[in-house]
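# Coordinates in review
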Amino acid sequence: MKKLALLSFIFLAAGTYAQDLPAPPTLAMPTKENTILIDKLVKTMKLKEYFIIHASAKIDYLGMKKNWSEKQISARKADISFEKFNDETRIYNAFSEFTKRELEDLINLSTKINGGLSEPKILFTVPMLEQNMDLFIENEYLK
């Protein structure tokens with residue numbers, strides 16, 4: 001009986017405490033002006049091309065490790081879609097804390113370095129974007 005009373009008290013106390021927790025934080029989103037700059041940065045740094053190269057390399061590596069056939073590897077590579085990854089929050093949220101000036105500087109440098117290339121020579125990113133990219137690739141193409 002004592003054990004039941006103690007167990008009931010623990011669950012009741014835990015439930016009461018759980019309701020005092022604050023709401024989860026909302027995602028940081030850039031201003032409208034910065035959203036336009038982020039779109040331009042994504043284009044000038046050739047993030048789409050990098051995404052495809054990165055996803056293909058991960059598919060090749062895991063395909064070799066798991067002995068996938070060439071057909072399986074090719075089918076997974078054919079499904080790669082930057083547009084599916086590029087929803088309205090992943091990239092904007094990653095660059096939301098950059099100022100207008102910082103974004104403009106990144107765009108200018110990216111244009112100088114990557115201009116005229118078919119794939120990026122340099123890529124500006126933040127850890128959150130890299131992690132989101134890897135998780136997306138893993139969930140979409142590597143299972």
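Higher on the page you've got the structure.
Not measured: the values here are computed from a predicted model.

The next subject is helix α8 (residues 127-141). Taking 1.5 Å as the rise per residue, α8 with 15 residues should run 21 Å; its terminal C-alpha atoms sit 21 Å apart, in good agreement. What α8 keeps buried is the set L129, M133, F136, I137 and Y141. Taken end-on, α8 shows its buried residues confined to a sector of 100°, consistent with a single buried face. Exposed side of α8, more than 90 degrees from the buried face: P127 and Q131 are the residues found there.

Looking now at the environment of A28. Take A28: it is sitting in the loop between α1 (2-18) and α2 (32-44). Along the sequence, A28 and N93 sit 65 residues apart, while their C-alpha atoms lie 5.7 Å from each other. If sequence neighbours within four positions are ignored, A28 has contacts with N93 and S96.

Bringing the packing of aromatic side chains into the picture now. Tallying each qualifying case throughout the model produces 7 aromatic pairs. With a centroid separation of 6.2 Å and 45° between ring planes, the pair formed by F82 and F85 is classed as tilted. Placement of the pair is F82 and F85 together in helix α5 (residues 82-85), with a separation of 3 residues, close to one helical turn. For the residue pair F82 and F85, the accessibility class agrees, reading buried in each case. Ring centres of F136 and Y141 lie 6.1 Å apart, and the angle between their planes is 80°; this geometry places the pair in the edge-to-face category. In terms of burial, F136 and Y141 fall into one category: buried. Through pairs of rings, three or more aromatic residues link up here, namely F51, F82, F85, F136 and Y141.

With that settled, consider the packing of α2 against helix α7 (residues 100-114). At a closest axis distance of 9 Å, the pairing of α2 and α7 adopts a crossing angle of 20°. Taken together, the axes of α2 and α7 are roughly parallel relative to one another. Taken as a pair, α2 and α7 cross one another with a handedness that is left-handed. Within the contact between the two elements, α2 uses E33, N34, L37, I38, K40, L41 and T44 and α7 uses K100, L103, E104, L106, I107, S110, T111 and N114. Of the residues assigned to the contact of α2 with α7, the class counts are 6 nonpolar, 5 polar and 4 charged.

Parameters at a glance
- Residues numbered from 1 in each chain as written.
- Predicted model: local features only at pLDDT ≥ 70, side-chain atom pairs only at ≥ 80, totals over all residues.
- Heavy atoms only, no water.
- Helix = DSSP H or I, 4+ residues; strand = E, 2+ residues; numbered from the N terminus.
- Expected span 1.5 Å × (residues − 1).
- Buried < 20%, exposed > 50% of the residue type's maximum accessible area, 1.4 Å probe, protein only.
- Arc of directions from axis to C-beta.
- Contact = heavy atoms within 4.5 Å.
- Phe/Tyr/Trp six-rings, centres within 6.5 Å; stacked < 30°, edge-to-face > 60°.
- Axes fitted to C-alpha atoms, helices over the stretch in contact; angles between N-to-C directions.
- Parallel < 35°, antiparallel > 145°, perpendicular 65-115°, else oblique.
- Left-handed = near helix turned anticlockwise from the far one by under 90°.
- Nonpolar A, V, L, I, M, F, W, Y, C, P; charged D, E, K, R; others polar.

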